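# What the coordinates show
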Amino acid sequence: MDLQRIKYFLALSEELHYWKTAEKVNITQSALSRQIQSLESELGLQLFERNKRNVKLTPAGQFLKEKWEVELSELEYIHQFAKQLHLGERGTITIAHPDSISASIMPDILAKITAAFPKLQIKLVQVLYENQLEFLKNYKIDLAITRDINSEPGIMSKKIYSDHLALVVPLEHPFKQFEDLSAESLKQQKFILPTNDEGSSYSDIIQALFKSYDFIPDVFLHSEFGSTIIALVRKGLGIAILPDSYMHHQSPGLRFIPLPFKTDLLINWRADDHNPVLANILKLVFEY
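Note that this is a predicted model, so its numbers are computed, not measured.

Analysis parameters
Residues numbered from 1 in each chain as written. Predicted model: local features only at pLDDT ≥ 70, side-chain atom pairs only at ≥ 80, totals over all residues. Heavy atoms only, no water. Helix = DSSP H or I, 4+ residues; strand = E, 2+ residues; numbered from the N terminus. Rg over C-alpha atoms; globule rule 2.2 N^0.38 Å. Buried < 20%, exposed > 50% of the residue type's maximum accessible area, 1.4 Å probe, protein only. Contact = heavy atoms within 4.5 Å. Lys, Arg positive; Asp, Glu negative; His and termini not counted. Charge placed at Lys NZ, Arg CZ, Asp CG, Glu CD. Patch = residues over 30% accessible without salt bridge, like charges linked within 9 Å, V, L, I, M, F, W, Y side chains within 5 Å. Areas by Shrake-Rupley, 256 points an atom, 1.4 Å probe, with all protein chains shown as cover. Salt bridge = Lys/Arg side-chain N within 4 Å of Asp/Glu carboxyl O. Domains from an automatic or database assignment. Pairing = 2+ DSSP bridges. Axes fitted to C-alpha atoms, helices over the stretch in contact; angles between N-to-C directions. Phe/Tyr/Trp six-rings, centres within 6.5 Å; stacked < 30°, edge-to-face > 60°. Lys NZ or Arg CZ within 6 Å of the ring centre and 35° of its normal.

Attention shifts here to the overall build of the protein chain. The helix and strand inventory of the protein chain stands at ten helices and ten strands. For the protein chain, the C-alpha radius of gyration of 32 Å lies well beyond 19 Å, the compact-globule estimate for 288 residues. Based on the C-alpha atoms only, the size of the protein chain along its principal axes is roughly 105 × 40 × 25 Å. When the 288 residues of the protein chain are sorted by exposure, 44% land in the buried category. For the protein chain, the share of sequence-separated contacts (at least 6 apart) that also reach a separation of at least 24 residues comes to 75%. Of the side-chain charges in the protein chain, 31 are positive and 36 negative, and the distance between the mean point of each set is 9 Å.

This is the structure we're talking about:
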């Protein structure tokens, strides 16, 4: 059934006047009359009672008016929803990100995305280093923000931000500034470090720091979770090396001493993924 004819019918059922309706829908009166007659012929029933003075709905016409108004409204909503999906304005995207940026750049990125695409649903997850590429390839996540350089075929990467490492110590610790650090003073410390993942460029940066002081650290504990490391440092169980973006977390009782070692943040996605939602998000993130 021709959807446009139904729209003409609904317009006429509101105006109950051929000339006014024709002007409203921008066709001639004779064309409107033909469209209504064709619809009646197709349905095998009369929709309007007509005389020289009046046009009114038949009982069948009144029934169809009430039903089609609802159906057409739902259909237009479905069409609009599909268009938003096609344009990448609606849908769901899953983003994995490190805990370190939860209170620094991540809120700004999300604010930008939600302002541009308020109907988009976003899922935030944290994934272990060794699972990130697998999750991307298996469509468990759509984007992975990491501190590690990726060389995996089929995965695209681009740097979006840089921050620095910082030595994290309790406020009462004798280390007050970078100049207090030396090979001898660092050798006397117990360290709480992120898990040393094989092949991780972020782990390599931390190891380069220790090599610059020519010593092997006494590592008390490894953890994948920076928030756990911070809690242990606050408890006085050791000192840590973390991205300085953790300074944006609520971390009373701690001192962050900036270190001259930079760590990049990269965004990773499937090269063959043509999801318009993904394209829109990448465009916004690259503008960050």
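Taken together, Phe-220, Leu-221 and Leu-237 make up a surface patch of nonpolar side chains, about 230 Å² in accessible area. Tracing the chain through its elements places Leu-221 in strand E8 (residues 218-223).

As assigned here, the protein chain comprises domain 1 (3-87), domain 2 (91-160 + 267-287) and domain 3 (162-261). Taking only C-alpha atoms into account, the centre of domain 1 sits 47 Å from that of domain 2.

The phi dihedral of Leu-16 is positive, around 55°, even though this residue is not glycine. Structurally, the position occupied by Leu-16 is in the loop between helix H1 (3-15) and helix H2 (18-25). One non-glycine residue, Asn-26, adopts positive backbone phi at about 65°. Since its relative accessible area comes to 69%, Asn-26 is described here as exposed.

Attention shifts here to the side chain of Thr-94. With respect to the secondary-structure elements, Thr-94 resides in strand E3 (residues 91-96). With sequence-adjacent residues up to four places away left out, Thr-94 is seen in contact with Lys-123, Val-125, Lys-140, Ile-141, Asp-142 and Leu-143.

Strand order across the open sheet formed by eight strands is E4-E3-E5-E10-E6-E9-E7-E8, with mixed pairing between neighbours. Whereas interior strands pair on both sides, the edge strands pair on one side only; in this sheet they are strand E4 (120-125) and E8. With strand direction ignored, the average angle separating the axes of adjacent strands in the sheet is 25°. Note: E3 against E4, six bridges, orientation parallel. Looking across to E4, one finds that Ile-95 is bridged to Leu-124. Here helix H5 (residues 105-116) sits on the sheet in contact with E3, E4, strand E5 (143-146), strand E6 (155-170) and strand E10 (254-270), set at roughly 165° to E4. Each of E3, E4, E5, E6 and E10 is contacted by helix H10 (residues 276-286), which is oriented at about 150° to E10, the strand it contacts most.

A few words now on the pattern of salt bridges. Going through the model one piece at a time under the given rule, you end up with eleven salt bridges. For Lys-24, the salt bridge goes to Glu-15, with nearest N and O atoms at 3.7 Å. By relative accessible area, Lys-24 is classed as exposed at 54%. A residue is classified by how much of its surface remains accessible, and Glu-15, at 32% relative accessible area, is partly exposed.

Now for the packing of aromatic side chains. Across all of its chains, the model carries six aromatic pairs by this definition. Geometrically, the ring pair formed by Phe-9 and Phe-48 is tilted, given 5.5 Å between the ring centres and 55° between the ring planes. Taken as a pair, Phe-9 in helix H1 and Phe-48 in strand E1 (residues 48-50) lie far apart in primary sequence, 39 residues in all. Judged by relative accessible area, which is 0%, Phe-48 ranks as buried. Ring geometry for Phe-191 against Phe-210: centres 5.3 Å apart, planes inclined by 80°, an arrangement best described as edge-to-face. With a gap of 19 residues between them, Phe-191 in strand E7 (residues 190-194) and Phe-210 in helix H8 (residues 201-212) connect regions that are remote in the sequence. Look at Phe-191 and you get buried, because its relative accessible area is 0%. A cation over an aromatic ring shows up here: Lys-140 above the ring of Phe-135, its NZ or CZ 4.8 Å from the ring centre. We note Arg-270 situated over the ring of Tyr-139; from NZ or CZ to the ring centre the distance is 3.8 Å.

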